[in-house]
Amino acid sequence: MICVIGGAGYIGSHCVKRLLERDHKVVTLDNLEAGHRAAIVGGEFVQGDYTDRQTLDTLFTSYPIECVMHFAAYASVAESMTDPAKFYRLNVVGGYTLLEAMRAHRIPYLIFSSSAATYGEPRQIPIPEDHPQQPTNAYGETKRAFEQMLRWYDVAFGLRSVSLRYFNAAGADPEGQLGEDHHPETHLIPLVLLTALGKRPVLKIFGTDYDTPDGTAIRDYIHVTDLADAHILAAESLKGGAPTTAYNLGNGLGYSVREVVRTAEEVVGHPIPQEEAPRRAGDPARLVASADRAKRELGWQPQYADLRTIIETAWRWHSTHPDGYGDRL
Ligand code: UDP
């Protein structure tokens, strides 16, 4: 059985769905602070906090768990700069509590949601896994810190793990059942589409003076269902004896903010109100993954790599769920 911590969130919920489709038994642990009950499409559900050892002890004795997939973290870069304590408490101290409980209950494998934010300002593009990790924000630092803990927990205790460094997770369940619903929403694609729906007045383009062909920042958008598939492959690889490691997950393709907005306008069929705005603090000009290792070693093959497809799936969700899951109105 696989335990998905944070399985009611954006990426976690898509992973739960994919696991169930592949006939895995799943138990989701989520405190629903940011997650949505309606996003858990099946399997068992326990509402609780993974930073609480008692909750983990009860969970780990109640279910025959072989692998933990850990998605639960604070993820707002901007907030991490004003309140790093909050991020250390959940992402690092909470992570320690989780690892100690896994150790006590002899759960052998963990898949960890890491981030391209662990690299900081890129020195080369595309970014390979052995690129130096020098985060420029506290969020990325907490992700890096937990990756380091994982390394030493393997050396000393034999707990094996895969850290998956996501680039820009985007899109929604191709069947339209699940989507992205953050409060507050800060990500580009949902904001563009909410603006198209008239839920936001105007899309701000943060920075038009970057050293890129059209002056706006370039990111590697990767479909959330493709991310989910990589988790399943990573869990299978650990079970097959693979060592602790980290993989980048991206398409290796960079799109600028203006390209994203233009493609979204094509998908929705009308212009989207937009205005130029200053750069957002801490945003690098370009982040593009080299995901060759995940493809080679895990046999991962993204199915929804095309930006238009990514935006079409997101639009299907937003246009049919203009208030998201409707539980935070
Ligand atoms: N962005 C923007 N307007 C917005 C939100 C984001 O121009 O309302 C830009 C942001 O500056 C970055 C890119 O879109 O260059 C992707 O931002 P997002 O927050 O989606 O992901 P990040 O790359 O920060 O993880």
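Going along each chain's sequence as written, the residues are numbered from 1 onward. Only residues with pLDDT of 70 or above have their local features reported here, since the model is predicted, and side-chain atom pairs are shown and tallied only from 80 upward, although totals for entire chains, interfaces and linings are computed over all residues. For side-chain calculations, the full set of non-hydrogen atoms in the structure is used, while hydrogens and water are omitted.

1. What about the pairing of strand 8 (residues 203-206)?
In step 1: Taking every second residue as pointing to the same face, the buried face of strand 8 carries L203 and I205, while none of K204 and F206 on the other face is buried.
In step 2: Alignment of strand 8 against strand 13 (residues 274-277), held across four bridges, turns out to be parallel. Residue pairing for strand 13: F206 is matched across the bridge by A277. Three exposure classes are used, based on accessible area relative to the maximum for each residue type with a 1.4 Å probe and protein chains only: buried under 20%, partly exposed in between, and exposed over 50%. Only DSSP runs of H or I covering at least 4 residues are called helices, and only runs of E covering at least 2 are called strands; the numbering of each starts at the N terminus. At least two DSSP bridges between two strands are required for those strands to pair.

2. Here's the deal with helix 1 (residues 10-21)
In step 1: For helix 1, built from twelve residues, the straight-helix expectation of 16 Å at 1.5 Å per residue is met to within 8% by its first-to-last C-alpha distance of 17 Å.
In step 2: Turning to helix 1, its buried residues number three or more, namely Y10, I11, G12, S13, H14, C15, V16, K17, R18 and L19.
In step 3: We call two residues in contact whenever any of their non-hydrogen atoms come within 4.5 Å of each other. Looking at the buried positions of helix 1, the neighbouring elements they touch are strand 1 (2-5), strand 2 (26-30), strand 4 (67-70), strand 6 (160-166), strand 7 (168-170) and helix 7 (224-239).
In step 4: Remark: D23 follows helix 1 within two positions and exhibits a positive phi of approximately 70 degrees. Under the convention used throughout, the expected extent of a helix is 1.5 Å for every residue step, that is, one less than its residue count.

3. Describing the environment of A78
In step 1: Here A78 lies in helix 3 (residues 77-82).
In step 2: Sequence separation of A78 and A8 is 70 residues, and the distance between their C-alpha atoms is 23 Å.

4. Topic: the pattern of salt bridges
In step 1: Between Lys or Arg on one side and Asp or Glu on the other, a salt bridge is scored when a side-chain nitrogen of the former is within 4 Å of a carboxyl oxygen of the latter. A complete count under the given rule lists 19 salt bridges for this structure.
In step 2: Across the salt bridge formed by E66 and K239, the nearest N and O atoms sit 3.6 Å from each other. In this pair, E66 sits in the loop between helix 2 (53-62) and strand 4 while K239 sits in helix 7, placing the two residues 173 residues apart along the sequence.
In step 3: Residue classification places E66 among the partly exposed positions, given a relative accessible area of 31%.
In step 4: Ionic pairing is found between R308 and E266, a salt bridge with its closest N-O pair at 3.1 Å. Taken as a pair, R308 in helix 10 (residues 307-320) and E266 in helix 8 (residues 257-268) lie far apart in primary sequence, 42 residues in all.
In step 5: Overall, the relative accessible area of 34% leaves R308 in the partly exposed class.
In step 6: The exposure class assigned to E266 is partly exposed, which follows from its relative accessible area of 49%.

5. Notes on the site of the ligand
In step 1: Definition of nearness: a residue and a molecule or strand are near each other if at least one heavy atom of the residue lies within 4 Å of the molecule or strand. In the vicinity of the ligand lie 15 residues, with L188, K204, R219, R280 and D283 positioned nearest.
In step 2: Definition of a polar contact: a pair of N or O atoms within 3.5 Å, with one able to donate and the other able to accept a hydrogen when the atoms are protein atoms, and with sequence-neighbouring residues admitted only if both atoms are side-chain atoms. A distance of 3.3 Å is found between an oxygen atom of the ligand and a backbone nitrogen or oxygen belonging to T186.
In step 3: F206 is positioned with one of its backbone polar atoms (N or O) 2.9 Å from an oxygen atom of the ligand.
In step 4: Methods summary: accessible areas were calculated by the Shrake-Rupley approach with a probe of 1.4 Å, and residue burial reflects only the protein chains presented. Coverage of the ligand by the protein amounts to 87% of the 520 Å² it exposes when considered alone.
In step 5: Of all the secondary-structure elements, those providing two or more residues to the shell around the ligand are helix 6 (188-196) and strand 8.

6. Considering the state of the cysteines
In step 1: Cysteine sulfur pairs qualify as disulfides if the two atoms are within 2.5 Å. All told, the structure shown has zero disulfides when counted by the stated rule.
In step 2: Here C3 is not disulfide-linked; the sulfur of C67 is the nearest cysteine sulfur, at 9.1 Å.
In step 3: Judged by its relative accessible area of 0%, C3 falls in the buried class.
In step 4: Considering cysteine sulfurs only, C67 is the nearest to C15, which forms no disulfide, with 9.4 Å between them.

7. What about the sheet that holds strand 14 (residues 286-287)?
In step 1: The strand order 12-9-14 describes an open sheet built from three strands, whose pairing is mixed. Because the sheet does not close on itself, it has two edges, and the strands there are strand 12 (255-256) and strand 14.
In step 2: As judged from the two bridges shared by strand 9 (residues 218-219) and strand 12, these two strands associate in the antiparallel manner. Counted as the bridge partner of I218 is S256 from strand 12.

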